[in-house]
Amino acid sequence: MVFRKEKRNMRFFVGIFTTKKLEEHINRLKDEISDAILGKWVEPQNLHITLQFVGNVEESKRINLLYNLEEISKNFSPFTVAYTGVGAFPNTSKPRILWIGISKGANSLKILANKIIKANAKSGIEPESKPFYPHVSICRINEITSNKIYPFMRKHKDIFFLEEDITKIALIKSSLTSVGPIYTIVEEFYLKGSDVKT
């Protein structure tokens, strides 16, 4: 495996990009609720599940991080997730971040994230204080312009969108720009093990 070296510290996270199929469902949600909120919707190419936010790390720790991801992926099998329901952070009464939840496969994601977080902690990468919650962020709300948002949240609380096979994870570099973040895959790792069942 070749480790790609960066010349300077950047913001990194370990994640899983979604496929174009989820984008189609998000576009329908956007059409339904855009007149009730002002905010920034996540660009289709940036839709993802974050397994661990790493932040700025020096090159030596990134090499250890890549090694950890390679070892974990070799012993973790592919699995299926079901994208289900629309929720919000911090809560549906005061929504600031809209997200799509995960029902089937949520436990596999938690196990995978926990393995990554523990391995990286041994390499000197501190875990975040907040617990891991599997989701895909879809919109950052700046202002609510209509009470329509609340029945919208109730209507879509448990709605099923689609299932998707998870076959790889990636270390991703986030470059902040004036028009939003640009995500670049540093290294991808295919799941090749057989220790987890969906």
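Structural data are supplied above this passage.
(A) Layout of the packing of helix α2 (residues 59-74) against helix α3 (residues 106-122). Between α2 and α3, the shortest axis-to-axis distance is 10 Å and the interhelical angle comes to 145 degrees. Of the two elements, α2 crosses α3, and the hand of that crossing is right-handed. Of the residues in α3, those in contact with Leu65, Asn68, Leu69 and Ile72 of α2 are Leu112, Lys115, Ile116, Ala119 and Asn120. Of the residues in the contact of α2 with α3, the class split is six nonpolar, two polar and one charged.

(B) Up close: unusual backbone geometry. Along the chain, Phe89 connects to Pro90 via a cis peptide bond; the corresponding omega equals 0 degrees. Mapped onto the elements of the fold, Pro90 is located in strand β4 (residues 79-90).

(C) Representation of the sheet that holds strand β6 (residues 135-144) in the model. Taken in spatial order, the five strands line up as β2-β6-β5-β4-β7 in an open sheet, and their pairing is antiparallel. On the outer flanks of this sheet lie β2 (37-41) and β7 (160-166), each paired with one strand and no other. Across the sheet, the axes of successive neighbouring strands diverge by a mean angle of 30 degrees, strand direction being ignored. Note that β4 and β7 share six bridges and pair antiparallel. Bridged to Tyr83 within β7 is Leu162. Where α3 meets the sheet, it contacts β4 and β5 (95-102), and its direction lies at approximately 85 degrees from that of β4.

(D) View of the environment of Ile166. Mapping Ile166 onto the fold places it in strand β7. Counting along the chain gives 25 residues from Ile166 to Leu191, while the straight-line C-alpha distance between them is 8.2 Å. Non-local contacts of Ile166, meaning those with residues more than four positions away in its chain, are made with Ile16, Pro78, Phe79, Val81 and Leu191.

(E) Just the sheet that holds strand β3 (residues 48-56), in detail. Taking strand neighbours across the sheet as the criterion, the four strands line up as β3-β1-β8-β9 in an open arrangement whose pairing is antiparallel. Among the strands making up the open sheet, the edge pair consists of β3 and β9 (180-190). Strand-to-strand twist in this sheet, taken as the mean axis angle between neighbours without regard to direction, amounts to 25 degrees. Looking at chain direction, strand β1 (residues 11-17) and strand β8 (residues 168-177) are connected through five bridges and run antiparallel. Note on β8: the bridge partner recorded for Phe12 is Lys173. Against the sheet, α2 makes contact with β1, β3, β8 and β9, and its axis sits at roughly 55 degrees relative to β9, the strand it touches most. Sheet strands in contact with α3 are β1, β3 and β8, and its direction is about 15 degrees off that of β3.

Procedures and definitions
Each chain has its residues counted from 1, following the order in which its sequence is written. pLDDT decides what is reported in this predicted model: residues at 70 or higher carry local features, side-chain atom pairs at 80 or more are listed and counted, and totals for whole chains, interfaces and linings draw on all residues regardless. Values shown for side chains rest on all heavy atoms present in the structure; no hydrogens or waters enter the calculation. Lines are fitted to the C-alpha atoms to define the axes, a helix being fitted only along its stretch in contact, and any angle between axes, read from their N-to-C directions, falls within 0 to 180 degrees. We count a stretch as a helix when DSSP gives it H or I for four or more residues in a row; a strand needs E for two or more, and each element gets its number in order from the N terminus. Left-handed describes a crossing whose near helix is turned anticlockwise from the far helix through less than a right angle; right-handed describes the clockwise counterpart. Here, two residues are considered to be in contact whenever any of their heavy atoms come within 4.5 Å of each other. Under the scheme applied here, ten amino acids are nonpolar (Ala, Val, Leu, Ile, Met, Phe, Trp, Tyr, Cys and Pro), four are charged (Asp, Glu, Lys and Arg), and all others, including Gly, are polar. Following DSSP output, two strands are said to pair if at least two bridges run between them.

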